[in-house]
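# Secondary and tertiary structure notes
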Amino acid sequence: MQMFLDGEWVDRPAKIDVKNPFDGSVIDTVPKASKADVERAITGAVRGAEIMRRLPGHERYKILHRASELMQAQLEDLGRTISSEEGKILGEGMFEASRSKETIELSAEEAKRIMGEVLPLDGAPGGADRFGFTLRVPCGVVAAITPFNFPLNLVCHKVGPALAAGNSVIIKPASDTPLSALKLVKILLEAGLPPEAIACITGSGGEVGDTLCADARIRKISFTGSREIGEHICRVAGLKKVTMELGSNSPLIVMPDANLDKVADATVATGFSNAGQVCISAQRVVVMEPVYHEFLERLTPRVKALKTGNQLDSATKMGPMIRESDAVRVTQWIDEAVSGGAKLLTGGQRSGTLVEPAVVADVNPAMKISCDELFGPAVAIQKAKTIDDAIAVANDTRYGLSAAIFTENLNWALKFARHVDSGNIHVNWGPQWRADLMPYGGLKDSGMGKEGPRYAVKEMTETKMVVIHGVS
Ligand code: NAP
């Protein structure tokens, strides 16, 4: 496919191969953008921002609503594209496509709800003859930098709100998975979006990222990706608004009163989907001592039953990891835990990008598999004695994106919700659950700012205070 900038589709002789992570076959190529391409994309987007800020809310609604209808009609193709370039099983690819459509529809609705407020200026001495209100205005040009693991929905979570709020937007998709983002651009153009309002530049983040992020014409950066790159972008960005959606090593606490079959099902569902490559995957499972062994007995056969293979084959329950180097890293972290005294109960073998889903028990918190973000198909199980121990373990991390507890005890559940430092808290399901309308974002090193169209629109607009003097 070609990339889209300054209102037109553009090709370049230098290419990036987009590969199917299962077998390395090349699905397509995209141009490798240069810094000059980024400059041109920004110049075009500045014009686009002028056009967008003049477009009324009902027009922005119509474009996004039409785009969601077109997405619905192309769901099968979008789902297959996601699975082919990213490696998640087809069912997960289809689910992401349908969530993406929903995210664009939610964004469309927000285009009609961009409101300020009236301020009671008579509450201030000398304010009685004045009338004050706020206006919310678009930021201008938004840079949307996205990771590989949800190549369409996470793009929609930035593009939808940016356009709903009346901005132009430049997408920099992950180099491994640019195809679904480019298909979204086609759909938006077909839905009537002014061409200058959107750009999608396909190039290495390491090579062109600084040119994009440092440019003063970009007013807002919305980034989803790793903590390391997020921190780098914050340094480069200078005086800009930023939203950072970063990583985590999410805990799941199992109290002694939990229904262990339900916990085991939830651990499989929230620890191994997309081969564990989800920012809120269950990674650290902390089990109360009295039910520790029984829980392992329920969990292990369920994980063993996950058949790995070609993600496009309907019998496959877990597909490959995105790159072989990540698969190697995951097996190294498992080996490191085992040589430190942990027990590998199932999985952990690697063939290319496929890693057999693993249960690693008797883990201690200093092991990499517990204290770093694993982002792969393994869960690290450890024991705790009390709710306070469990909360301390849950908080013993630089991250704070999602945390879960299984219990029927309301006091334990509320204590957990109050004292665990995490942007999302789940009671009686694993940490990996998200409705696209929720305010979603992390605490601590998991980032700052919220997504979910209503909340992202807020972050992609600015507030002006207007005071009219001499009004009696
Ligand atoms: P990544 O390596 O940080 O890459 C994310 C994006 O940043 C890619 O588009 C990448 O481009 C780009 N990039 C790289 N260097 C850059 C630079 N110097 N300036 C600007 N952009 C640059 O992350 P990933 O491996 O794709 O995704 C996995 C990470 O994302 C995990 O840590 C996961 O937890 C996190 N994540 C967080 C959330 C959330 O909502 N909190 C959701 C999903 C994923 P290239 O691909 O060209 O390098």
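Going by the structure above, here's the rest.
From a predicted model like this one, the values you see are computed outputs, not experimental measurements. (Residues numbered from 1 in each chain as written. Predicted model: local features only at pLDDT ≥ 70, side-chain atom pairs only at ≥ 80, totals over all residues. Heavy atoms only, no water.)

### Notes on the overall build of the chain
The secondary structure content of the chain amounts to 15 helices and 22 strands. Its C-alpha radius of gyration of 23 Å places the chain within 12% of the 23 Å reference for a compact globule of 472 residues. Principal-axis analysis of the C-alpha atoms gives the chain an extent of 75 × 65 × 40 Å. Burial statistics for the chain: of 472 residues in total, 56% are counted as buried. Long-range pairs, those at least 24 residues apart, make up 72% of the contacts in the chain with a sequence separation of at least 6. Counting only carbon and sulfur atoms, one obtains 53% of the accessible surface of the chain, whose full area is about 18500 Å². Averaging the positions of the 54 positive and the 58 negative side-chain charges in the chain gives two centres separated by 3 Å. (Helix = DSSP H or I, 4+ residues; strand = E, 2+ residues; numbered from the N terminus. Rg over C-alpha atoms; globule rule 2.2 N^0.38 Å. Buried < 20%, exposed > 50% of the residue type's maximum accessible area, 1.4 Å probe, protein only. Contact = heavy atoms within 4.5 Å. Areas by Shrake-Rupley, 256 points an atom, 1.4 Å probe, with all protein chains shown as cover. Lys, Arg positive; Asp, Glu negative; His and termini not counted. Charge placed at Lys NZ, Arg CZ, Asp CG, Glu CD.)

### Overview of the pattern of salt bridges
Enumeration according to the criterion identifies 34 salt bridges in this entry. Between arginine 219 and glutamate 462 there is a salt bridge whose closest N-O contact spans 2.7 Å. Of the two residues, arginine 219 is situated in the loop between α7 (205–214) and β10 (220–224) and glutamate 462 in strand β22 (residues 461–469); the sequence distance between them amounts to 243 residues. Judged by its relative accessible area of 32%, arginine 219 is partly exposed. Owing to a relative accessible area of 21%, glutamate 462 belongs among the partly exposed residues under this scheme. Connected via shared salt-bridge partners are Arg227, Glu228, Glu231, Arg235, Arg398 and Asp445. (Salt bridge = Lys/Arg side-chain N within 4 Å of Asp/Glu carboxyl O.)

### Quick notes on the sheet that holds strand β20 (residues 424–427)
Pairing is mixed across the open sheet formed by 7 strands, whose spatial order is β14-β17-β18-β13-β12-β19-β20. Each of the sheet's edge strands pairs with one partner strand only, and the pair in question is β14 (343–346) and β20. Averaged over all pairs of adjacent strands, the angle between their axes in this sheet comes to 20°, without regard to strand direction. Two strands pair when backbone bridges link them, and strand β12 (residues 251–254) and strand β19 (residues 402–406) are joined in this way by 3 bridges, in the parallel orientation. The residue bridging leucine 252 from the neighbouring strand is alanine 404, located in β19. (Pairing = 2+ DSSP bridges. Axes fitted to C-alpha atoms, helices over the stretch in contact; angles between N-to-C directions.)

### Quick word on the packing of aromatic side chains
A full pass over the atoms with the stated rule returns 3 aromatic pairs. Here lysine 112 stacks its cationic end above the ring of tyrosine 61, 3.8 Å away from the centre of that ring. (Phe/Tyr/Trp six-rings, centres within 6.5 Å; stacked < 30°, edge-to-face > 60°. Lys NZ or Arg CZ within 6 Å of the ring centre and 35° of its normal.)

### What to know about the site of the ligand
Surrounding the ligand, one finds 32 residues, the nearest of these being Thr146, Ser175, Ser226, Leu246 and Glu373. Between the ligand and glycine 205 there is a distance of 2.8 Å, counted from an oxygen atom to a backbone nitrogen or oxygen. In the complex, 89% of the free accessible area of the ligand, which totals 920 Å², lies under the protein chains. In terms of residue count, the dominant contributor to the shell around the ligand is α7 (4 residues). Residues that form the shell around the ligand fall into these classes: 14 nonpolar, 13 polar and 5 charged. (Near = heavy atom within 4 Å. Polar contact = N/O pair within 3.5 Å; in protein donor to acceptor, adjacent residues only side chain to side chain. Nonpolar A, V, L, I, M, F, W, Y, C, P; charged D, E, K, R; others polar.)

### Some points on the sheet that holds β22
Strand order in the open sheet made by the 3 strands is β5-β6-β22, with antiparallel pairing throughout. Looking at strand neighbours, the two that pair on one side only are β5 (118–119) and β22, the edges of this open sheet. Note that strand β6 (residues 130–138) and β22 share 9 bridges and pair antiparallel. The partner of arginine 136 across the bridge, within β22, is threonine 463.

### Some thoughts on the state of the cysteines
Summed over the entire model, instances satisfying the criterion amount to 0 disulfides. Among the cysteines around cysteine 156, which has no disulfide bond, cysteine 200 carries the closest sulfur, lying 12 Å off. (Disulfide = S-S within 2.5 Å.)

### Describing a nonpolar patch on the surface
Together, Val118, Phe131, Ile468 and Val471 give the surface a local cluster of nonpolar side chains, amounting to about 320 Å² of exposed area. Relative to the helices and strands, isoleucine 468 is located in strand β22. For isoleucine 468, a relative accessible area of 38% corresponds to the partly exposed category. (Patch = residues over 30% accessible without salt bridge, like charges linked within 9 Å, V, L, I, M, F, W, Y side chains within 5 Å.)

### Details of the environment of threonine 81
Relative to the helices and strands, threonine 81 resides in helix α3 (residues 75–86). It is 9.6 Å that separates the C-alpha atoms of threonine 81 and proline 151, two residues lying 70 residues apart in sequence. From its side chain, threonine 81 meets the backbone oxygen of aspartate 77 in a polar contact 2.7 Å long. One polar contact links threonine 81 to lysine 183, side chain to side chain, over a distance of 3.0 Å.

### What about the packing of α3 against helix α4 (residues 90–110)?
Interaxial distance between α3 and α4 falls to 7 Å at its minimum, and their mutual angle equals 125°. Comparing the axis directions of α3 and α4 gives the class oblique. For the element pair α3 and α4, the recorded crossing hand is right-handed. Contacts from Leu75, Glu76, Leu78, Gly79, Arg80, Ile82 and Ser83 of α3 reach α4 at Leu90, Gly93, Met94, Glu96, Ala97, Ser98 and Lys101. For the contact of α3 with α4, the per-class residue count stands at 6 nonpolar, 4 polar and 4 charged. (Parallel < 35°, antiparallel > 145°, perpendicular 65-115°, else oblique. Left-handed = near helix turned anticlockwise from the far one by under 90°.)

### Points about the environment of isoleucine 229
With respect to the helices and strands, isoleucine 229 occurs in helix α8 (residues 227–237). Overall, the relative accessible area of 44% leaves isoleucine 229 in the partly exposed class.

### Re the side chain of threonine 81
Given a relative accessible area of 9%, threonine 81 falls into the buried group. Setting aside residues no more than four positions away along its own chain, threonine 81 makes contact with Leu179, Ser180 and Lys183.

### With respect to the packing of helix α2 (residues 57–73) against α4
Packed helix pairs are specified by the crossing angle of their axes together with the interaxial distance, meaning the distance between the axes. The contact between α2 and α4 brings their axes to 8 Å, and the two run at 165°. Our classification of the angle between α2 and α4 gives roughly antiparallel. Seen from above, α2 lies across α4 with left-handed handedness. Here Tyr61, Leu64, His65, Ala67, Ser68, Met71 and Gln72 of α2 lie close against α4, whose contacting residues are Ser100, Lys101, Ile104, Glu105, Ser107, Ala108 and Glu109. Classifying every residue of the contact of α2 with α4 by side-chain character gives 6 nonpolar, 5 polar and 3 charged.

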